[in-house]
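# Coordinates in review
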Amino acid sequence: MRLVFLGPPGAGKGTQAQKLCADVGWAHVSTGDLLREAVAAETELGLKAKAYMTGGGLVPDDLVVSLVAERLKKDDCAGGFVLDGFPRTVVQAEMLEKTLEDMGIALDVVLYFATDRDVVMERLTGRRVCKTCNINYHVKNIPPKVEGICDRCGQALIQRDDDKPETIDHRLVVYEGETAPLIRFYRERGLLKETSGNLNVEEGQAAIRTALGL
Ligand code: AP5
């Protein structure tokens, strides 16, 4: 299947996409991860994107769309993919439609994660990530076996620059203004399905599979 996971920051899109894709063999395409990799590698795109990301704003549409278009050409996307954190504006959604049309494919479902604000705040302030593996943990909900250390590679976990409370507030404002209109955009195209972002990881995964008919 070709899916988009849509929802506010902290809805669990990345956590659930990682799990689903590992199980069913689809590619997990996270624009947040792709951009953070570009920033770390100090590529031209990464240098342009860094200030937008640290401030919790959106990276310009043309930069993100070209990044995704290149990623979708890779072999691992041929069997299906989950777009996580993309599209995030109506312009990006229109550019995605065109990109997929040029590739002779289309989206099957856009899954919207309806999530309460207090859930989002609690998850983002407690998130810790492994920079090497891109695995997300949570200090309370999904702790690593050894505090502060990645279960998989043993590296120290870090807090994302944009997970500070004042930046989270700004990301939520940007989400409401720029990204939430996509709910209507995809509902009008008959592609939208809804799941709850408030459930724990296992219940959330089961609800996603039910919504997708898996
Ligand atoms: P991005 O990395 O996409 O961040 P985001 O959309 O803000 O999403 P998050 O990663 O914060 O949330 P998530 O829903 O994936 O939740 P997660 O699973 O991690 O983007 C970062 C920045 O890059 C943007 O601000 C922007 O600057 C730029 N960018 C990216 N895409 C762009 C685009 N298309 N256009 C322009 N700019 C773009 O979970 C959160 C926490 O909760 C974790 O700690 C996790 O362990 C925990 N958790 C998850 N699920 C559960 C659960 N069910 N129960 C309990 N805890 C849970």
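The text that follows walks through the structure, step by step, so that each part is easy to find.

### Some thoughts on the site of the ligand
- If you check the shell around the ligand, you find 35 residues, and the closest are Thr15, Gly57, Arg88, Arg127 and Arg171.
- Contact distances for the ligand include 2.8 Å between a nitrogen atom and a side-chain N or O atom of Thr31.
- Arg160 has a polar side-chain atom sitting 3.2 Å from an oxygen atom of the ligand.
- For the ligand, whose unbound accessible area comes to 1000 Å², protein coverage reaches 97%.
- Going through the elements one at a time, α1 (13-24), α2 (31-40), α6 (117-126) and β6 (136-138) are the ones with two or more residues in the shell around the ligand.

### So, the pattern of salt bridges
- Here the structure, examined in full by the defined rule, presents 14 salt bridges.
- Close ionic contact of Arg209 with Asp23 constitutes a salt bridge, the shortest N to O distance being 2.9 Å. On the criterion of sequence distance, the pair formed by Arg209 in helix α9 (residues 201-212) and Asp23 in helix α1 is long-range, its members being 186 residues apart.
- With relative accessibility at 25%, the residue Arg209 sits in the partly exposed group.
- What emerges from the salt-bridge pattern is a single network uniting Arg127, Arg160, Asp162, Asp163 and Arg171.

### A look at the environment of Leu111
- With respect to the helices, strands and loops of the structure, Leu111 is situated in strand β4 (residues 109-114).
- A sequence separation of 84 residues divides Leu111 from Thr195, and the C-alpha atoms of the two residues are 6.9 Å apart.

### Comments concerning the sheet that holds strand β1 (residues 2-6)
- Spatial ordering of the open sheet is given by β2-β3-β1-β4-β7, a layout of 5 strands whose pairing is parallel. Two strands in the sheet have a free side with no partner beyond their single neighbour: β2 (27-30) and β7 (192-196). Each strand axis lies, on average, 25° off the axis of its neighbour in the sheet, ignoring direction.
- Bridging between β1 and β4 involves 4 bridges; their strand directions are parallel.

### Overview of the nonpolar core
- The biggest cluster of nonpolar side chains holds 35 residues, and the ones touching the most others in it are Phe81, Leu83, Leu96, Leu107 and Tyr186.
- The element that contributes the greatest number of residues to this core is helix α4 (residues 61-72), accounting for 6 residues.
- In this view, Phe81 contacts Met1, Arg2, Leu3, Trp26, Ala27, Val29, Leu72, Leu100, Ile105 and Leu107; residues no more than four positions away in its chain are not counted.

### What to know about unusual backbone geometry
- Omega for the peptide link from Phe86 to Pro87 comes to -5°, which places this bond in the cis form.
- Examined against the element boundaries, Pro87 turns out to sit in the loop between β3 (81-84) and α5 (90-103).
- Look at Asn134: it is not a glycine, yet its phi comes out positive at around 65°.
- As for its placement among the helices and strands, Asn134 is situated in the loop between β5 (127-129) and β6.

### Overview of the packing of α2 against helix α3 (residues 44-55)
- Their axes nearest at 8 Å, the elements α2 and α3 cross at an angle of 115°. Crossing geometry of α2 relative to α3 is assigned as left-handed. Across from Gly32, Leu35, Arg36, Ala38 and Val39 in α2, the residues of α3 making contact are Leu45, Gly46, Ala49, Lys50 and Met53.
- When grouped by side-chain class, the residues that make up the contact of α2 with α3 number 6 nonpolar, 2 polar and 2 charged.

Thresholds applied
Residues numbered from 1 in each chain as written. Predicted model: local features only at pLDDT ≥ 70, side-chain atom pairs only at ≥ 80, totals over all residues. Heavy atoms only, no water. Near = heavy atom within 4 Å. Polar contact = N/O pair within 3.5 Å; in protein donor to acceptor, adjacent residues only side chain to side chain. Areas by Shrake-Rupley, 256 points an atom, 1.4 Å probe, with all protein chains shown as cover. Helix = DSSP H or I, 4+ residues; strand = E, 2+ residues; numbered from the N terminus. Salt bridge = Lys/Arg side-chain N within 4 Å of Asp/Glu carboxyl O. Buried < 20%, exposed > 50% of the residue type's maximum accessible area, 1.4 Å probe, protein only. Pairing = 2+ DSSP bridges. Axes fitted to C-alpha atoms, helices over the stretch in contact; angles between N-to-C directions. Core = buried A, V, L, I, M, F, W, Y, C linked by side-chain atoms within 4.5 Å. Contact = heavy atoms within 4.5 Å. Left-handed = near helix turned anticlockwise from the far one by under 90°. Nonpolar A, V, L, I, M, F, W, Y, C, P; charged D, E, K, R; others polar.

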